[in-house]
Amino acid sequence: MSVRGRPAGGRARRTAAALLGPRARLRWAHLILGGALLMPYWLLSTVVLSVFSDRVGAFSGSFRAQAAAYLLALPMAAVTGAVPLARPMSVAVARVLCGVPAELFADSPALSRAAKARTAAWFTLHVGLGGLVSGASLALPPFAAATMALPFSPGLRESRLGDVWGADHRWWVVLGVPAGLLMLLALAAAAAAAGALLARQAPVLLGPTPADRLAAAERRAAELAARNRLARELHDSVGHALSAVTLQAGAARRVVDAPEPDLVFVREALAAIEGTARRTVGELDSVLGLLRQGEDDGEQPAGPGLEALDALLAHSGLKVACALEGDPVASVPGPVSREAYRIVQEGLSNVLRHAGAAPLSLRLRAADGELEVTMENPLTGGAPVVRPGGGRGLRGIAERAALLGGHAAGGPARDGAVWRLTARLPLAGGRR
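Everything quoted here is computed from the prediction, not taken from an experiment. (Residues numbered from 1 in each chain as written. Predicted model: local features only at pLDDT ≥ 70, side-chain atom pairs only at ≥ 80, totals over all residues. Heavy atoms only, no water.)

1. Here's the deal with the overall build of the chain
On a plain count of helices and strands, the chain comes out with 14 helices and 7 strands. In the chain, which comprises 432 residues, the proportion classed as buried is 38%. Considering only contacts in the chain between residues 6 or more positions apart, those separated by 24 or more positions represent 73%. (Helix = DSSP H or I, 4+ residues; strand = E, 2+ residues; numbered from the N terminus. Buried < 20%, exposed > 50% of the residue type's maximum accessible area, 1.4 Å probe, protein only. Contact = heavy atoms within 4.5 Å.)

Here it is as structure tokens:
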């Protein structure tokens, strides 16, 4: 027999899986855990109520007294659920036992008022439903088994259980077993329904609040900014070193291949390559050290400042006419000095790609509360060489200046005869 083309047995199997399948059993265990967590509060509430009435005891008393103890225990549990660490502990259990995707939960402690209220509601719902289901799970199966044995045991029929059911009636010979099975089925259905309710409410009550989402977005933005900062450091230091080494090595090779090689020039080129490589290895090790540490605390990458400008220009492989105004080496704050060094370094890397015989003009001027960096180089070597996929140097320079509250722009002039870079960095922008 089938209904709408589906086997009737398939519906029964799905019902059985919903009531007794692996997920239902895990949720049932979650409810039993909630009942265990309720026990201390329930015992405390019975002690409190026993002060006002001698009819209330931990394992005795009327149903009304036990219900009062249960209701008094729930507010106590809610107070515990408002503790910040209650959320990650509840999430750790619910993630495993409720069958809810892990990404729907918030693992951090509940710090905001809304997060604490949601966690308290979840904890109260968990222990409240768990207390009912675990109590029924302890009491109902023995009662159902005794009910199913009632038609076959004269002793049971004469006992108090027989008085409850009126077991002297002949119909209990027929109804005893079905009644017991229905009790067990009702227990399984109630546990499955309570577990499904907890699973539906878990993402709502244990999921991230708007404040949690905002904090997570801020953390991701800080991590992205840190990664971008480290990427700029690697690009500027390693990229410049490779450009300088390539230029020096190419010049040395051409001189060696000449009919009368100039060994002095070759030695100077090799010394420049050695100095550039040694300096870059130190900078690379510093940046990679921050990467190994995670670089998630906003720490600034340690790097050279304008005090290392002479060494940078000496090993650049370029003819540079440098002019300093206002003592920028001593008067510029450390963060601005480091960013200015990287800007000059990236400017040299760009010049190396289209360097000509004319010297590069570099001017650093510290005055009127800002540091002005100006670089100009005639494009005597023809059109600039563009790397496949484009470069990120000028964009990195602009980002460095913007982080300090300044601005920078660079590239060939309109007439195409001069490559120019200008950056203005506020001296008060020594913090990022």
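After presenting the structure, the write-up continues.
2. Focus: the environment of Trp28
Here Trp28 shows up in helix α2 (residues 22–50). On a C-alpha basis, the gap between Trp28 and Ser137 in space is 9.6 Å, while along the polypeptide they are 109 residues apart. Not counting residues within four places of it along the chain, the set of residues in contact with Trp28 comprises Val133, Ser137, Leu187, Ala188 and Ala191.

3. Here's the deal with the packing of aromatic side chains
What characterises a pair of aromatic rings is the spacing of the ring centres plus the angle enclosed by the ring planes. Under the criterion given, the structure shown has 1 aromatic pair. Ring plane angle 80° and centroid distance 6.5 Å describe the contact between Tyr41 and Phe123, whose orientation is recorded as edge-to-face. Of the two residues, Tyr41 sits in helix α2 while Phe123 sits in helix α5 (residues 113–149), which places them 82 residues apart along the sequence. Note on accessibility: Tyr41 and Phe123 belong to one class, buried. (Phe/Tyr/Trp six-rings, centres within 6.5 Å; stacked < 30°, edge-to-face > 60°.)

4. Considering the confidence of the model for the chain
The share of residues in the chain with pLDDT of 70 or more is 78%, and the mean pLDDT across the chain is 78. Within the chain, the element-level pLDDT minimum falls on strand β1 (residues 2–3), averaging 44, and the maximum on α5, averaging 91. Scored below 50 in pLDDT, residues 382–391 shows 6 contacts in the model against residues more than four places distant or in partner chains. (pLDDT = per-residue confidence, 0-100.)

5. Some thoughts on α2
Taking 1.5 Å per residue as the helical rise, α2 with its 29 residues ought to reach 42 Å, and the 41 Å between its terminal C-alpha atoms agrees with that figure. In the structure, α2 departs most strongly from a straight axis at Met39, where the bend amounts to approximately 35° and where the proline Pro40 lies between one and four residues downstream. Burial in α2 covers these residues: Ala24, Arg27, His30, Leu31, Gly34, Gly35, Leu38, Tyr41, Trp42, Ser45 and Thr46. (Expected span 1.5 Å × (residues − 1). Bend = angle between axes of the 7 residues up to and from the residue.)

6. With respect to the pattern of salt bridges
Applying the stated rule across the entire model yields 9 salt bridges. One salt bridge connects Arg424 with Glu372, and the closest N-O pair in it is separated by 3.6 Å. Taken together, the residues Arg424 in strand β7 (residues 418–426) and Glu372 in strand β5 (residues 370–378) connect sequence positions 52 residues apart. The class for Arg424 is partly exposed, based on a relative accessible area of 29%. Between Arg420 and Glu376 there is a salt bridge, with its nearest N and O atoms 2.8 Å apart. Here Arg420 is found in strand β7, whereas its partner Glu376 is found in strand β5, with 44 residues between them in sequence. On the accessibility criterion, Glu376 (30% relative accessible area) is partly exposed. (Salt bridge = Lys/Arg side-chain N within 4 Å of Asp/Glu carboxyl O.)

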